[in-house]
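In case you want the letters, here they are:
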Amino acid sequence: MGTEPASWGRYPRATAQRTSPVTWATDPLPLPAGGGTLLPYGQGRSYGDSCLNEGGTLLTTSRLDRFLDFDPATGVLRCESGVTLDAILRLVTWQGWFLPVTPGTKFVSVGGAIANDVHGKNHHQAGTFGRHVPRFELVRSDGSRRVCSLEENRDWYEATIGGLGLTGLITWADIQLRRMSNPYVLQESFSFSNLDEFLALTRESERDYEFTVAWVDSLGRGRNLGRGLFYRGKHAPPQFDALPLTRSHLSRRGGLTVPFDFPGLALNRLSVATFNWFYYHLQRSKPSQSLVHYDPFFYPLDGVHRWNRIYGRRGFLQFQCVMPVSDAGMAALKEVLDRGARSGMPSFLTVLKMFGDVPSPGWMSFPKRGVTLALDFANRGERTYRLVEELDRVTRQAGGRVYPAKDARMAPENFAAYYPELERFARYVDPTFSSSFWRRVNGLPDSA
């Protein structure tokens, strides 16, 4: 059809992709004439190439946007896979329900959330999104349909959660929502000076606070390495139910839009250092408490549409790893931060969180117990690629792993080391489904 959907990071670029909309869940899959491969494509919010299919066909799911059933007594919602988390929130929050797990953007599809087994600020208590999806339907290229759950077609269920859209097309899913009393979050923030203080704050907060996350000064070095701001929160109790909503509290469907690509050098060491210094020092004076609407708490970046344009036309690469909480893991985490700070290519947004012991049902799911760090690097070509590959090597040596949904440079040997269930999973990949990511991490030519 001549269109070339991109990933959110805008790197790498994929050409000669065709799109084929899926409109009805009951329709057979539109197999490409003359061969070729298929890949589901929701909202394109993966950062690397896991949602791209160079030379192949993307099954766009935005028309699979129907709600099929909702029980306000139990909080079980059934919807098609193209429904976005934003649409779910607009349906259920006024009825006292909320998403059980949510990533940092609500503009992702349910199918994408399952395929990447997304995580949020509450992994230490709730685990991944896939834990709260009791069943879904999977359609394969041979026309077969399977309802998958822990009780029925369990192997397909576990392969598909975190399976990067490679086992087939999810048409609909059930989601077990969680109760909430009102749309507010009680938030507290603290400054910390290093990773040891971050770990102490996390341990202190994990039991009583459902949500924890930290912003890190990516340019901190020496005694300032790993300093940042720690945020923790919980859904507000019933005494805040009667608090009137103002326009600023409402879920932001409008907001600002970045109208053009920023110049390539707009995010440089000086601009990032200036922002980091003011952001850290203006908020570090003392712990603060506030009552905030869920929207700015969970989705601060969603208020600026197309914010990926600030990285320029060449896009950006995010590196997200998880390191074990061990001497080797913490040393590796410090090395990743130090290498980023010394690279001359500062991370504009650096986020730190703790993953808990709550296991995912997905064989290929990213989270495991440890500290996860995400850094965003503007694409400066080979310098950036080498840096990300160095960070990948440090992560592997420490026993960590890298997130496929955010990756653009992972080598095949690293992917195999990170995901020990790879060989088992590969047996469940649909022979007609593939992606640029899958071919790259299997050492295959990037052509469908």
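Structure: above.
Residues numbered from 1 in each chain as written. Predicted model: local features only at pLDDT ≥ 70, side-chain atom pairs only at ≥ 80, totals over all residues. Heavy atoms only, no water.

Participant: Explanation requested: the packing of helix α8 (residues 327–342) against helix α9 (residues 382–397) in the structure shown.
Facilitator: Helix-helix packing: each pair is described by the crossing angle between the helix axes and the interaxial distance. Look at α8 against α9: their axes get within 10 Å of each other, and the N-to-C directions meet at 170°. One element, α8, and the other, α9, form an angle in the roughly antiparallel class. In this structure, α8 uses Ala332, Glu335, Val336 and Arg339 to contact α9, whose residues at the interface are Leu387, Glu390, Leu391, Arg393 and Val394. Here the contact of α8 with α9 is built from residues that sort into five nonpolar, no polar and four charged. (Axes fitted to C-alpha atoms, helices over the stretch in contact; angles between N-to-C directions. Helix = DSSP H or I, 4+ residues; strand = E, 2+ residues; numbered from the N terminus. Parallel < 35°, antiparallel > 145°, perpendicular 65-115°, else oblique. Contact = heavy atoms within 4.5 Å. Nonpolar A, V, L, I, M, F, W, Y, C, P; charged D, E, K, R; others polar.)

Participant: Help me out: how do you make sense of the sheet that holds strand β9 (residues 169–176) in this one?
Facilitator: Strands in a sheet are paired, the pairing made by backbone hydrogen bonds, and the direction either parallel or antiparallel. If you trace the five strands from one edge of the open sheet to the other, you get β4-β5-β9-β7-β8, paired in antiparallel fashion. The open sheet has two edge strands, β4 (67–71) and β8 (145–149), and neither has a second partner. Strand-to-strand twist in this sheet, taken as the mean axis angle between neighbours without regard to direction, amounts to 10°. Here five bridges tie strand β5 (residues 76–80) to β9, and the two strands are oriented antiparallel to one another. Bridge pairing links Cys79 to Ala173 in β9. Where helix α1 (residues 85–92) meets the sheet, its contacts fall on β4, β5 and β9, and the angle it forms with β4 comes to roughly 40°. (Pairing = 2+ DSSP bridges.)

Participant: Looking at this structure, I do not really get the sheet that holds strand β2 (residues 38–41). What am I missing?
Facilitator: Taken in spatial order, the three strands line up as β1-β3-β2 in an open sheet, and their pairing is parallel. The open sheet has two edge strands, β1 (18–21) and β2, and neither has a second partner. Between one strand axis and the next, the sheet turns by 30° as a mean value, whatever way the strands run. Both β1 and strand β3 (residues 57–60) contribute to a ladder of four bridges, which runs parallel. Bridge pairing in β3 links Pro21 to Thr60.

Participant: Honestly, the pairing of strand β7 (residues 135–139) in this entry has me stumped. Any pointers?
Facilitator: Consecutive side chains of a regular strand alternate in pointing toward one face of the sheet and then the other. With four of its five residues buried, β7 lies for the most part within the structure. Relative to β9, β7 runs antiparallel, the two being bridged by four bridges. Along β9, the bridge assignment pairs Arg135 with Asp174. Across five bridges, β7 lies against β8 in antiparallel orientation. Looking at the pairing, Phe136 lines up with Cys148 of β8. Hairpin connection from β7 to β8: five residues lie between these consecutive antiparallel strands, with Gly143 at a positive phi of about 90°. (Buried < 20%, exposed > 50% of the residue type's maximum accessible area, 1.4 Å probe, protein only.)

Participant: Is there a simple way to think about the environment of Ala236 in this case?
Facilitator: Counting through the fold element by element, Ala236 comes out in the loop between β13 (228–235) and β14 (256–257). Relative accessible area serves as the criterion here: at 3%, Ala236 is assigned to the buried category. Sequence separation between Ala236 and Leu333 is 97 residues, and the spatial gap between their C-alpha atoms is 33 Å. Ala236 has contacts with Ser181, Asn182, Tyr184, Val185, Leu186 and Leu291, leaving out every residue within four places of it along the chain.

Participant: Whenever I open this one, helix α5 (residues 195–205) confuses me. Can you help?
Facilitator: When we look at burial in α5, the residues that qualify are Leu195, Phe198, Leu199, Leu201, Thr202 and Ser205. Viewed end-on, α5 has its buried residues packed into an arc of 165°, placing them on one side of the element. Within α5, the exposed residues directed more than 90 degrees away from the buried face are Asp196 and Arg203. Near the N-terminus of α5, the side chain that reaches the backbone nitrogen of Asp196, with its oxygen 3.2 Å away, is that of Asn194. (Arc of directions from axis to C-beta. Polar contact = N/O pair within 3.5 Å; in protein donor to acceptor, adjacent residues only side chain to side chain.)

Participant: What am I meant to see in the pattern of salt bridges here?
Facilitator: A side chain of one charge can pair with a side chain of the opposite charge when the charged atoms of the two come close. By the definition in use, this model includes 27 salt bridges. Between Arg154 and Glu158 there is a salt bridge, and its shortest N-O distance comes to 2.8 Å. Here Arg154 and its partner Glu158 are both found in helix α4 (residues 154–160), four residues apart, which amounts to about one turn of the helix. The class for Glu158 is buried, based on a relative accessible area of 12%. For Asp261, the salt bridge is made with Arg309, and the minimal N-O distance between the two is 3.8 Å. Note that Asp261 is positioned in the loop between β14 and α6 (269–283) and Arg309 in the loop between β16 (304–305) and β17 (316–323), a separation of 48 residues in sequence. (Salt bridge = Lys/Arg side-chain N within 4 Å of Asp/Glu carboxyl O.)

Participant: Teacher, can you tell me more about the side chain of Ser81 here?
Facilitator: Relative to the helices and strands, Ser81 resides in the loop between β5 and α1. Ser81 gets classed as buried once you look at its relative accessible area, which sits at 2%. Excluding residues that lie within four positions of it along the chain, Ser81 makes contacts with Thr61, Leu64, Ser109, Val110, Gly111, Ile170, Thr171 and Trp172.

Participant: Please clarify how the environment of Pro40 should be interpreted in this entry.
Facilitator: Topologically, Pro40 is positioned in strand β2. C-alpha separation for the pair Pro40 and Pro445, spaced 405 residues apart in sequence, amounts to 20 Å. With near-sequence residues (within four places) excluded, Pro40 lies in contact with Leu59, Gly165, Gly168, Leu169 and Phe433.

Participant: Is there a simple way to explain the environment of Gly329 in this structure?
Facilitator: One can find Gly329 in helix α8. Residue contacts for Gly329: discarding those within four places in its chain leaves Met323, Pro324 and Ala398.

Participant: What's the story with the packing of aromatic side chains in this structure? I'm lost.
Facilitator: Aromatic ring pairs are reported here in terms of the distance separating the ring centres and the angle at which the planes meet. As enumerated under the stated definition, the model contains 25 aromatic pairs in all. Relative to Tyr157, the ring of Phe136 lies with its centre 5.5 Å away and its plane at 15°, an arrangement referred to as stacked. Here the residue Phe136 occupies a position in strand β7, and Tyr157 occupies one in helix α4, the gap between them amounting to 21 residues. Just as Phe136 is buried, Tyr157 falls in that class too. Look at Phe415 and Phe437: their rings are 5.4 Å apart centre to centre, the planes differ by 90°, and that puts the pair in the edge-to-face class. (Phe/Tyr/Trp six-rings, centres within 6.5 Å; stacked < 30°, edge-to-face > 60°.)

Participant: Could you clarify how one ought to interpret unusual backbone geometry in this entry?
Facilitator: Keep in mind that most residues, glycine aside, have a negative phi and that most peptide bonds are trans. Geometrically, the link from Tyr11 to Pro12 is a cis peptide bond, its omega value of -5° lying close to zero. Its location among the elements puts Pro12 in the segment before β1. Even without being glycine, Asn153 reaches a positive phi, approximately 55°. Note that Asn153 resides in the loop between β8 and α4. Even without being glycine, Leu164 reaches a positive phi, approximately 60°. Assignment of secondary structure puts Leu164 in the loop between α4 and β9. Residue classification places Leu164 among the buried positions, given a relative accessible area of 12%.

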